[in-house]
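Fold and geometry: a report
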Amino acid sequence: MRAVETIKNIWKIEDLRNRILTTLLLVAIYRFGTYVVLPGIDPKALTALQEQTRGGLLALLDMFSGGAFSNASIFALGIMPYISASIVMQLLAIAVPSFQKLQREGESGRRKINQWTRYLTIAILLFQGPTYLVNLSVQLKAAGAALPGGIWFTISSTIILAAGSMFILWLGERITDKGVGNGISFIILVGIIARLPHSLFQEFVSRTSEKTGGLVMFLFEMLFLLLVIAGAILLVQGTRKVPVQYAKRIIGNKQYGGARQYIPLKVNAANVMPIIFAQAIMFIPISIVGFSSTGEQSGFWAAFMDNTGFWYNFVFAVLIILFTYFYTAITINPTQMSDDLKRNNGFIPGVKPGKNTKDYLDTIMDRITLPGAFFLALVAIMPAFARIAGVSMEFSQFFGGTSLLILVGVVLDTLQQVESHLLMRHYDGLLKSGRIKGRTGSVAAY
């Protein structure tokens with residue numbers, strides 16, 4: 001079989017084999033850490049915290065941390081603080097001239113930006129650590145337990161949480177350098193996949209034992225999930241190629257250039273960031289009701305507390321579309337692309353260099369972003385349709401949203417790297433029909 005032959009070829013390549021084994025070892029260390037509970041916490045008293053992370057923004061944080069958030073683990077804050085710091089630095093690179101100058105300095109500028117990103121990550125962790133402990137204290141009281149008292153416990157636990165997140169970041173960097181794929185994205189992928197077997201088994205038991213459709217309904221769910229995954233792959237890989245012609249140059253007696261190349265503009269250049277932003281905003285009403293004295297849900301608030309309701313999903317979809325345009329605008333810079341083409345004696349056939357090229361790229365981005373934004377919004381609200389159809393809450397998360405897009409994108413990127421190693425050693429690729437397309441050209445890394 002072709003699959004068996006491909007696995008044999010992968011094992012024959014020493015460098016690729018070592019990278020895969022290194023990745024598996026580092027992932028095992030990460031998964032072990034998600035079950036190491038903070039000192040002084042009784043794991044049996046975490047039932048209220050685990051119930052709290054079944055929905056809303058906290059479910060997203062728990063998913064990104066691979067369950068460490070609900071386990072009160074030393075890795076509870078996960079990789080999200082680093083992602084938040086990276087987003088802030090991207091925004092600063094757009095708005096602050098000094099950061100724009102750093103971006104243009106090449107490798108040295110990139111190192112400085114990475115260094116500042118880590119400093120900002122530590123600052124965020126030192127703020128989120130005590131906040132997490134306050135929430136943990138409330139949830140433990142609901143379960144009849146309590147946190148250890150004293151300021152020393154807060155300080156030591158905050159340091160442990162911050163060190164745990166920075167250790168995860170270090171593991172991600174080691175996976176990038178010594179393993180397979182983008183380390184940060186791979187760690188998020190591991191956290192998502194870790195929840196899949198349990199959710200799938202629970203859904204199977206529910207369908208086959210509780211007279212909710214039986215095995216036929218479960219098979220229909222699997223078929224629909226495959227269709228959604230196929231749509232997510234199209235969304236991740238979708239590009240519009242803009243032809244670019246480079247002027248011919250003659251150096252000595254040799255002629256260089258003149259070949260036509262393409263600028264691959266992504267249909268979904270923002271990746272999953274619009275969904276994350278929109279989910280954060282949609283969590284505000286839940287927070288307001290939670291901090292209110294009565295906690296009652298009626299009228300306006302009730303509509304935004306029901307994540308399967310029409311108004312919740314309608315506003316959620318609109319926010320995703322708006323954030324898709326916003327994030328694409330701050331990450332794709334047609335002016336810089338136009339200047340780079342002009343500087344390298346390149347031009348788009350039929351379009352004058354300079355302002356006309358910038359306007360042309362702007363128009364294309366507007367046209368391809370619109371269907372991409374609508375499709376992204378549809379994928380994001382797909383779990384709500386799954387819940388209405390009777391799918392369990394945990395398993396419905398895999399029918400769309402951030403979990404599905406991250407899973408598809410990172411798997412494609414990883415397979416593309418494996419295939420590159422195979423082709424470099426003159427072995428067959430993973431597919432007969434052609435090479436695997438990852439998120440090449442994507443600005444968002446997560």
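All figures in this text were calculated on a predicted structure; none of them were measured in a lab. (Residues numbered from 1 in each chain as written. Predicted model: local features only at pLDDT ≥ 70, side-chain atom pairs only at ≥ 80, totals over all residues. Heavy atoms only, no water.)

A count of helical and extended segments in the chain gives 17 helices and five strands. Expressed as a percentage of the 446 residues in the chain, the buried residues total 44%. A separation threshold of at least 6 residues defines the contact pool for the chain, and within that pool the share at least 24 residues apart is 71%. Accessible surface, the chain: about 23,100 Å² in total, of which carbon and sulfur atoms supply 65%. (Helix = DSSP H or I, 4+ residues; strand = E, 2+ residues; numbered from the N terminus. Buried < 20%, exposed > 50% of the residue type's maximum accessible area, 1.4 Å probe, protein only. Contact = heavy atoms within 4.5 Å. Areas by Shrake-Rupley, 256 points an atom, 1.4 Å probe, with all protein chains shown as cover.)

Quick reminder: α-helices carry 3.6 residues per turn. Residues three or four places apart thus point the same way. When the terminal C-alpha atoms of helix H9 (residues 183-209) are compared, their 40 Å separation across 27 residues agrees well with the 39 Å that a helix rising 1.5 Å per residue should span. Helix geometry: H9 is bent most strongly at leucine 196, by close to 25 degrees, with proline proline 197 lying one to four residues after it. (Expected span 1.5 Å × (residues − 1). Bend = angle between axes of the 7 residues up to and from the residue.)

Okay, the environment of glycine 354 next. Mapped onto the fold, glycine 354 is located in the loop between strand E5 (346-347) and helix H15 (355-388). Taking relative accessible area as the criterion, glycine 354 reaches 18% and is therefore assigned buried. For the pair glycine 354 and methionine 337, spaced 17 residues apart in sequence, the C-alpha to C-alpha distance is 9.8 Å.

Here we come to unusual backbone geometry. Glycine aside, residues mostly have negative phi, and peptide bonds are mostly found in the trans state. We note that alanine 72 has phi near 50 degrees; this positive angle belongs to a residue other than glycine. Within the fold, alanine 72 resides in the loop between helix H4 (56-64) and helix H5 (80-95). Residue alanine 72 is classed as buried on the basis of its relative accessible area of 0%.

Bringing the side chain of threonine 369 into the picture now. Assignment of secondary structure puts threonine 369 in helix H15. Leave out the neighbours within four places in its chain, and threonine 369 touches Val267, Thr324, Tyr325 and Thr328.

What follows is about the confidence of the model for the chain. Note: predicted coordinates in regions of low pLDDT should not be interpreted at a detailed level. For the chain, the average pLDDT comes to 79, and 84% of its residues sit at 70 or higher. Segment residues 250-256: pLDDT under 50, and eight contacts once partners within four positions in sequence are set aside and those in other chains are kept. Counted against residues more than four places away or in other chains, residues 440-446, with its pLDDT under 50, gives 28 contacts. (pLDDT = per-residue confidence, 0-100.)

This next bit is on the nonpolar core. Grouped together as the largest cluster of nonpolar side chains are 62 residues, with contacts concentrated most on Ile79, Phe316, Ile320 and Leu405. A per-element tally of this core places helix H13 (residues 310-331) first, with nine residues. Lining this core are residues from two domains, each supplying at least three of them: domain 1 (9-179) and domain 2 (207-428). In this structure, phenylalanine 316 is in contact with Ile275, Ala278, Gln279, Met282, Ala380 and Ile381, ignoring residues within four places of it in sequence. By size, the runner-up hydrophobic cluster in this structure holds 18 residues, among which are Phe69, Ala76, Leu140 and Leu161. (Core = buried A, V, L, I, M, F, W, Y, C linked by side-chain atoms within 4.5 Å. Domains from an automatic or database assignment.)

Bringing the packing of H15 against helix H17 (residues 401-424) into the picture now. One can describe the packing of H15 onto H17 by two numbers: an axis separation of 7 Å at closest approach and a directional angle of 120 degrees. Taken as axis vectors, H15 and H17 run oblique relative to one another. Judged by residue contacts, Leu376, Val379, Ala380 and Pro383 of H15 engage Gly401, Leu404 and Leu405 from H17. Taken together, the residues that form the contact of H15 with H17 break down as six nonpolar, one polar and no charged. (Axes fitted to C-alpha atoms, helices over the stretch in contact; angles between N-to-C directions. Parallel < 35°, antiparallel > 145°, perpendicular 65-115°, else oblique. Nonpolar A, V, L, I, M, F, W, Y, C, P; charged D, E, K, R; others polar.)

As a further point, take the packing of helix H10 (residues 214-237) against H15. Remark: H10 packs on H15, axes separated minimally by 11 Å, with the N-to-C direction vectors making an angle of 150 degrees. One element, H10, and the other, H15, form an angle in the roughly antiparallel class. Classified by chirality, the crossing of H15 by H10 is left-handed. Contact with H10, carried on its side by Phe224, Val228, Gly231 and Leu235, involves Gly372, Phe375, Leu376, Val379 and Met382 of H15 and no other residues of that element. Taken together, the residues of the contact of H10 with H15 break down into seven nonpolar, two polar and no charged. (Left-handed = near helix turned anticlockwise from the far one by under 90°.)

This part covers a nonpolar patch on the surface. On the surface, a cluster of nonpolar side chains totalling about 470 Å² of accessible area is made up of Phe201, Phe204, Val205, Leu215 and Leu219. Elements with a minimum of two residues in the nonpolar patch: H9 and H10. Per element, the largest residue contribution to the nonpolar patch is three residues, and it comes from H9. Relative to the helices and strands, leucine 219 is located in helix H10. (Patch = residues over 30% accessible without salt bridge, like charges linked within 9 Å, V, L, I, M, F, W, Y side chains within 5 Å. Salt bridge = Lys/Arg side-chain N within 4 Å of Asp/Glu carboxyl O.)

One pass over the structure, following the stated rule, counts 13 aromatic pairs. Taken together, a centroid distance of 6.1 Å and an interplanar angle of 10 degrees make the contact between tyrosine 30 and phenylalanine 75 stacked. Taken together, the positions of tyrosine 30 in helix H2 (residues 14-33) and phenylalanine 75 in the loop between H4 and H5 put the pair 45 residues apart, joining distant regions of the chain. Relative accessible area serves as the criterion here: at 4%, phenylalanine 75 is assigned to the buried category. Ring plane angle 75 degrees and centroid distance 5.1 Å describe the contact between phenylalanine 310 and tryptophan 311, whose orientation is recorded as edge-to-face. Every member of this aromatic cluster is reached through a ring pair, and the members are Tyr30, Phe75, Phe167 and Trp170. Lying across the ring of tryptophan 11, arginine 17 places its NZ or CZ 5.3 Å from the centre. (Phe/Tyr/Trp six-rings, centres within 6.5 Å; stacked < 30°, edge-to-face > 60°. Lys NZ or Arg CZ within 6 Å of the ring centre and 35° of its normal.)

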